[in-house]
Amino acid sequence: HGHAHAQPQGPAGVPGVKSIIAVASGKGGVGKSTTAINLALALRDLGLKVGVLDADIYGPSLPKLLAIREKPETIGGKRLKPISRYGLNVMSIGFLIDEETPMIWRGPMVMSALTQMLREVEWGDLDVMVVDMPPGTGDAQLTMAQQVPLAGSIIVSTPQDLALIDARRGVAMFKRVNVPILGVIENMSYFLCPECGTRSDIFGHGGARHEAERLNVPFLGEVPLDMTIRETSDAGLPVVATQPDGPHAKVYRAIAERV
Ligand code: ADP
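Under an unreviewed UniProt entry, the name given to the protein chain is Iron-sulfur cluster carrier protein, and the organism recorded is Pseudorhodoplanes sinuspersici. Under the UniProt heading Subunit (unreviewed entry), the note attached to the protein chain is "Homodimer." What UniProt records for the protein chain under Cofactor (unreviewed entry) is the sentence "[4Fe-4S] cluster".

(A) View of the sheet that holds strand 6 (residues 88-92). On the basis of which strands lie adjacent, the open sheet formed by eight strands has the order 5-6-2-7-1-8-9-12 and mixed pairing. Two strands bound the open sheet, and with one partner strand each, they are strand 5 (83-85) and strand 12 (219-223). Taken over all neighbouring pairs, the strand axes of this sheet differ in orientation by 25 degrees on average, direction set aside. Along the sheet, helix 5 (residues 161-176) contacts strand 1 (17-24), strand 8 (152-157) and strand 9 (181-187); its crossing angle with strand 8, the most-contacted strand, is approximately 170 degrees. Across the face of the sheet, helix 6 (residues 207-215) comes into contact with strand 8, strand 9 and strand 12 while running at roughly 160 degrees to strand 9.

(B) How the structure looks around helix 6. Within helix 6, the full set of buried residues consists of Gly207, Ala208, Glu211 and Ala212. All buried residues of helix 6 lie within an arc of 130 degrees about the axis, which places them on one face of the element. Across helix 6 from its buried face, at more than 90 degrees, point the exposed residues Glu213 and Arg214. Buried residues in helix 6 make contact with strand 8, helix 5, strand 9 and strand 12. Looking at the residues trailing helix 6, positive phi occurs at Asn216, about 60 degrees.

(C) The arrangement of the packing of helix 5 against helix 6 in detail. The interhelical angle for the contact between helix 5 and helix 6, taken along N-to-C directions, is 35 degrees, at an axis separation of 11 Å. Handedness of the crossing formed by helix 5 with helix 6: right-handed. In contact with Leu164, Ala167, Arg168 and Val171 of helix 5, helix 6 contributes Gly207, Ala208, Glu211 and Leu215. Taken together, the residues that form the contact of helix 5 with helix 6 break down as five nonpolar, one polar and two charged.

(D) The arrangement of the UniProt feature "binding site: ATP" (unreviewed entry) in the protein chain in detail. The positions UniProt marks with the feature "binding site: ATP" (unreviewed entry) are Gly26, Lys27, Gly28, Gly29, Val30, Gly31, Lys32 and Ser33. In this fold, Lys27 is placed in the loop between strand 1 and helix 1 (32-45). By C-beta crowding, Lys27 is classed as partly exposed, having 18 other C-beta atoms within 10 Å. Each residue touching Lys27, except ones within four places of it in the same chain, is listed here: Pro135, Gly136, Ala163 and Asp166. In this fold, Gly31 is placed in the loop between strand 1 and helix 1. When sequence neighbours within four positions are dropped, the list of residues in contact with Gly31 reads Val156, Asn187 and Met188.

So, how was this worked out
- Counting of residues starts from 1 at the beginning of each chain's written sequence and follows it residue by residue.
- Local features in this predicted model are restricted to residues whose pLDDT is 70 or higher, and side-chain atom pairs enter the listing and the counts only when it is 80 or higher, whereas totals over whole chains, interfaces and linings include all residues.
- UniProt positions are given in the numbering used here, feature names are shortened, and annotations may be inferred rather than shown by experiment.
- Strand pairing is defined by DSSP finding a minimum of two bridges between the two strands.
- The helix and strand labels rest on DSSP assignments: H or I over at least four residues marks a helix, E over at least two residues marks a strand, and numbering proceeds from the N terminus.
- Each axis is a line fitted through C-alpha atoms, taken for helices only over the stretch in contact, and angles between the N-to-C directions span 0 to 180 degrees.
- Here, residues touch in the contact sense if the C-beta positions derived from the backbone fall within 7 Å of one another.
- Neighbour counting defines burial: a residue surrounded by 20 or more other C-beta atoms within 10 Å of its own C-beta is buried, one with 12 or fewer is exposed, and intermediate counts give partly exposed, using backbone-placed C-beta atoms.
- What the arc measures is the spread of directions leading from the helix axis to the C-beta atoms.
- For any pair of crossing helices, the crossing counts as left-handed if the nearer helix is rotated counterclockwise from the farther one by less than a right angle, and right-handed if it is rotated clockwise.
- In this classification, Asp, Glu, Lys and Arg are treated as charged, Ala, Val, Leu, Ile, Met, Phe, Trp, Tyr, Cys and Pro as nonpolar, and every other residue, Gly included, as polar.

Structural data, given as structure tokens:
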């Protein structure tokens with residue numbers, strides 16, 4: 001919050017939506033979608049009205065992350081109503097197609113699907129729309145960054161070198177399209193043994209913080225590698241919504257306060 005600046009040029013905004021924030025990662029599997037949904041819930045906990053747009057057309061995550069099987073209703077035959085979960089307005093291409101249907105669309109169709117999800121959905125009045133971006137920094141991601149009127153971006157990375165190199169590309173991509181970097185989140189940062197409380201830095205630790213300092217972008221915080229986060233995420237019961245008083249929700253809320 002506090003970053004609701006309109007872009008001077010670029011794509012038109014979404015009516016009623018004050019601020020659009022992209023959550024991105026240089027590569028897949030670093031926990032970008034898990035982080036995006038829990039961050040959205042943490043922003044909700046700060047009293048903001050929040051929506052989530054799943055912009056990963058080829059590999060949508062929201063149906064699984066929120067265990068959504070229903071189809072969105074239409075208003076007047078054309079405009080779609082977002083699905084409401086845990087106080088969030090959410091939309092994903094995955095709500096409109098079967099899970100088994102492979103997405104073999106070409107670039108232009110991907111763009112039109114994204115445009116539709118932005119412009120033909122009754123998002124309502126939102127303080128923040130969190131966009132779960134597709135992983136990577138190729139042409140498709142660049143186009144998305146240009147199509148969506150972004151107030152800022154957040155890069156999710158693990159501490160590993162490889163993930164960091166990819167995150168660096170992510171930072172460079174957003175800089176190229178003049179989208180401010182709100183900061184970097186280190187996911188799977190460390191492991192706390194639930195038995196003995198010993199901390200292990202499985203993928204190394206502090207790499208993302210160090211890299212953020214080097215790139216002169218804010219470091220937003222560390223999320224541990226944790227069984228509860230994985231289980232709740234994979235069961236469609238995100239931890240911030242289902243265990244609001246637990247330690248994980250606190251971690252995500254502390255990050256949300258820095259955004
Ligand atoms: P991405 O969007 O980057 O592909 P996902 O959010 O789908 O990544 O996460 C990949 C896998 O890692 C999922 O099974 C998810 O539950 C798990 N995961 C994500 N973050 C954590 C974490 N902090 N601790 C444990 N498991 C995690």
